[in-house]
Amino acid sequence: MRLGQTSIVHFTSRFLASMLGFVATIFIARFLGSETLGIYYLVLSTVAWLGIAVKMGVPSAINKRVSEGDDGAAYTIAGGTIVLGLFLIVAVLSLLFHQQINDYIGYPAAAIVVLFLFVTAVQSTVNSILTGQHLVHISGIFNPIRTGTRSIVQIGAILAGFQITGLFIGYTAGYGLVSVLGLWIAIRHFDTISLPTEEHYRRIVSYAEYSWLGEIRSRAFNWVDVAVLGFFVSSSLVGIYTAAWNIAVFLILFGGSLSETLFPEMSSLSADDDSESVAELFEAALTYGGLILIPGLVGGTLLGERLLRIYGEEFTRGATVLSVLIVATLIQGYQRQFTMTLDAIDRPDVSFKVNAVFIGANVLLNVSLIPIFGVVGAAAATASSVGISLVVAYIALSSLVEFSVPVGEIGRQWAAAGIMGTVIYICLQFETVSAIASNIAVVLILVGLGAAVYFITLVAISARFRTTVDQNLPVDLPLVRS
């Protein structure tokens, strides 16, 4: 399958998963309120942070070693046994300190945290195996299966009267199902099954000792703000913040799919010392890293309050937060391509330093700004810290790989987004129509119109985009050719 098609399949799967999760979150917010939503996300935040100690970069190491093409099963077993041992240690400590966990969350959830740690660790490990086997499109398809299962079970459990317990049941069911399915597929794709030697363990650990900070970096981008907010603001405000965050992360899906698709290809090319091809793939990643994020920033800023009103009237307080978080995801979309490339060329030590800069800045800024500015400070801290790390990542990678930034293509994406934003702004001025139509209808119409205007404009002004579309469509459409 072509790389572009693989990215699109993976992105479509993740987009569908996010849509299902979005609908479920709206349902939860409307039925259980922002306070319960806040408690649920504090549980997920706790799991995310403790999960770092469970994984310690091992899934990333499995991905890397399996993608190199030799002894995949042995590396999988070695990595899996390490993750299992780490889980047992963290699980025991979590149960010993259950009271402190319960006090922080504001709900007796320590046992739930341990359960979530197990299912997320298994799913992450299985996903890394599939990605290393160049089955990114298959791992991507599991996203809507996981989220759909979780959402359906959660909604059903809430309607049955289980309240927040229903959220826990649904989460476990979703992750458990895709873990079993993914493991079955991964095993079938190994040519041979062999037990690991000391060398396999050593190579897993040698990569993981640097990549574990990448795990913290990922968690920091998604959860430092939520974790710190838990100490300074109410559960209701945490719920409002995470609702805005859920909308913002929609926009980073394509960039994430692109990096996951390109990583095993870059890794394989790097192992063959083909640095020129690595640079070409990286430039392609930069070209399309902001394809969705740039119009998302323009549209999300214009429609932010209306988007949040879908959750409920109380959530419109997060409109400013949403705009700042979208800026953060835009910067993160590009930064992720840099660190992904560093990891792919087997320089996790350099990626380690970039991630350390981000984590340090993120923690410092969140702790400094949240007590003063609340949820807006949390969003600003995230955006600022990822911006700092982008500069550091650019300097680091440019010293190792010769590449050029596709300024022209990025500029054309901004131009198309500007035209799209103008159309949306004009439509918003028709207050009579907006007053008659429901908020959800207005949002759906304007989002669809904006997407159409953006992509039609981009096809018209970008020869490279026309060529990319032509090469990756399953049918021949000469209309899009330059």
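Residues numbered from 1 in each chain as written. Predicted model: local features only at pLDDT ≥ 70, side-chain atom pairs only at ≥ 80, totals over all residues. Heavy atoms only, no water.

Participant: Help me out: how do you make sense of the overall build of the protein in this one?
Facilitator: Along the backbone of the protein there are 18 helices and 0 strands. A total of 482 residues make up the protein; the buried ones form 56% of that total. In the protein, of all internal contacts separated by at least 6 residues, the share reaching a separation of at least 24 is 82%. Accessible area of the protein: about 19800 Å², with a carbon and sulfur share of 67%. (Helix = DSSP H or I, 4+ residues; strand = E, 2+ residues; numbered from the N terminus. Buried < 20%, exposed > 50% of the residue type's maximum accessible area, 1.4 Å probe, protein only. Contact = heavy atoms within 4.5 Å. Areas by Shrake-Rupley, 256 points an atom, 1.4 Å probe, with all protein chains shown as cover.)

Participant: I'm lost on empty space enclosed by the protein in this one. Help?
Facilitator: All told, the structure shown has 2 cavities of 30 Å³ or more when counted by the stated rule. There is about 40 Å³ of room inside the second largest cavity. Forming the walls of the second largest cavity are Gln-123, Val-126, Asn-127, Leu-130, Ser-139, Phe-142 and Val-178. Residue assignment for the lining of the second largest cavity shows that the elements contributing at least two residues are helix H5 (110–132) and helix H6 (136–159). With 4 residues, the single largest contributor to the lining of the second largest cavity is H5. When the residues that make up the lining of the second largest cavity are grouped by side-chain class, the tally is 4 nonpolar, 3 polar and no charged. (1 Å grid on protein atoms, 1.4 Å probe; cavity = no way out; pocket = protein on both sides within 12 Å on 5 of 7 lines; lining within 4 Å. Points joined across faces, edges and corners; volume = space filled by probe spheres on them. Nonpolar A, V, L, I, M, F, W, Y, C, P; charged D, E, K, R; others polar.)

Participant: When you look at the layout of surface pockets in this model, what are you seeing that I'm missing?
Facilitator: A probe matching the size of a water molecule, rolled over the atoms, marks out where space remains unfilled. When its volume is computed, the second largest pocket comes out at roughly 400 Å³. In terms of lining, the second largest pocket is formed by 19 residues, of which the most central are Thr-76, Gly-80, Thr-81, Thr-125 and Leu-183. With 8 residues, helix H3 (residues 72–96) is the largest single contributor of residues to the lining of the second largest pocket. Its residues assigned to classes, the lining of the second largest pocket comprises 15 nonpolar, 4 polar and no charged.

Participant: What am I meant to see in a nonpolar patch on the surface here?
Facilitator: There is a patch of nonpolar side chains on the surface, built from Ile-89, Val-92, Leu-93, Leu-96 and Phe-97 and spanning about 510 Å² of accessible area. Summarising the element assignment, Leu-93 is placed in helix H3. Taking relative accessible area as the criterion, Leu-93 reaches 42% and is therefore assigned partly exposed. (Patch = residues over 30% accessible without salt bridge, like charges linked within 9 Å, V, L, I, M, F, W, Y side chains within 5 Å. Salt bridge = Lys/Arg side-chain N within 4 Å of Asp/Glu carboxyl O.)

Participant: Is there a simple way to think about the pattern of salt bridges in this case?
Facilitator: Working definition: two side chains of opposite charge can pair if their charged atoms are close together. Going through the model one piece at a time under the given rule, you end up with 4 salt bridges. A salt bridge links Glu-409 to Arg-412; the nearest nitrogen and oxygen atoms lie 3.0 Å apart. Placement of the pair is Glu-409 and Arg-412 together in helix H15 (residues 407–428), with a separation of 3 residues, close to one helical turn. Arg-412 sits in the partly exposed class, given a relative accessible area of 31%. If you follow the salt bridges from partner to partner, you end up with Glu-305, Arg-309 and Glu-313 in one network.

Participant: Would you explain unusual backbone geometry in this entry?
Facilitator: We note that Met-56 has phi near 50 degrees; this positive angle belongs to a residue other than glycine. Position of Met-56 among the secondary structure elements: in the loop between helix H1 (3–55) and helix H2 (58–67). One non-glycine residue, Gln-163, adopts positive backbone phi at about 55 degrees. You can see Gln-163 is positioned in the loop between H6 and helix H7 (164–188).

Participant: Sorry if this is basic, but what is going on with the packing of helix H12 (residues 293–309) against helix H13 (residues 319–344) here?
Facilitator: The relative placement of two packed helices comes down to the angle between their axes together with the axis-to-axis distance. Contact geometry of H12 with H13 gives a least axis separation of 9 Å together with a crossing angle of 160 degrees. Viewed along their axes, H12 and H13 adopt a mutual orientation that is roughly antiparallel. For the element pair H12 and H13, the recorded crossing hand is right-handed. Residues Leu-293, Ile-294, Gly-296, Leu-297, Gly-300, Thr-301, Gly-304, Glu-305, Leu-307 and Leu-308 of H12 touch H13, and the partners they reach there are Ala-319, Leu-322, Ser-323, Ile-326, Val-327, Thr-329, Leu-330, Gly-333 and Tyr-334. In the contact of H12 with H13, the residues fall into 11 nonpolar, 7 polar and 1 charged. (Axes fitted to C-alpha atoms, helices over the stretch in contact; angles between N-to-C directions. Parallel < 35°, antiparallel > 145°, perpendicular 65-115°, else oblique. Left-handed = near helix turned anticlockwise from the far one by under 90°.)

Participant: Before we go on, may I ask you to explain the confidence of the model for the protein in this structure?
Facilitator: For residues with low pLDDT, the predicted coordinates do not support detailed interpretation. With 82% of its residues at a pLDDT of at least 70, the protein reaches an overall mean of 80. No element of the protein has a lower mean pLDDT than helix H16 (residues 431–436), which averages 51, and none a higher one than H15, which averages 91. Confidence drops under a pLDDT of 50 for residues 1–5, and excluding neighbours within four residues, the segment shows 14 contacts in the predicted structure. Contacts for the low-pLDDT stretch residues 477–482, under 50 throughout, to residues beyond four places or in other chains number 11 contacts. (pLDDT = per-residue confidence, 0-100.)

Participant: What am I meant to see in the environment of Leu-84 here?
Facilitator: Here Leu-84 lies in helix H3. Linking Leu-84 and Phe-118, residues 34 residues apart in sequence, is a C-alpha distance of 8.6 Å.

Participant: Where do I start with the packing of aromatic side chains in this structure?
Facilitator: In total, this model carries 11 aromatic pairs according to the counting rule given. Relative to Tyr-171, the ring of Phe-116 has its centre 4.1 Å away and its plane inclined at 25 degrees; by these criteria the two rings are stacked. Note that Phe-116 is positioned in helix H5 and Tyr-171 in helix H7, a separation of 55 residues in sequence. Looking at Phe-116, the relative accessible area reads 0%, which means it is buried. Taking the centre distance of 6.0 Å and the plane angle of 65 degrees together, the rings of Phe-338 and Tyr-394 count as edge-to-face. Here Phe-338, found in helix H13, pairs with Tyr-394, found in helix H14 (residues 348–398); they are 56 residues apart in sequence, far enough to count as distant. A relative accessible area of 4% places Phe-338 in the buried class. On the accessibility criterion, Tyr-394 (40% relative accessible area) is partly exposed. Each residue in the set Tyr-107, Phe-116, Phe-168, Tyr-171 and Tyr-175 is aromatic and connected to the rest through ring pairs, giving one cluster. Looking at Arg-146, its charged tip hangs above the ring of Tyr-175, at a distance of 4.8 Å from the centre. (Phe/Tyr/Trp six-rings, centres within 6.5 Å; stacked < 30°, edge-to-face > 60°. Lys NZ or Arg CZ within 6 Å of the ring centre and 35° of its normal.)

Participant: Looking at this model, I keep getting lost on the environment of Leu-37. Mind explaining?
Facilitator: The topology assignment puts Leu-37 in helix H1. With 127 residues separating them along the chain, Leu-37 and Ile-164 place their C-alpha atoms 8.6 Å apart. Look past the residues within four positions of Leu-37 in its chain and what remains in contact with it is Thr-25, Ile-28, Ala-29, Gly-239, Thr-242 and Phe-315.

Participant: How should I be thinking about the side chain of Ser-128 in this particular structure?
Facilitator: Tracing the sequence through the fold places Ser-128 in helix H5. Judged by its relative accessible area of 6%, Ser-128 falls in the buried class.

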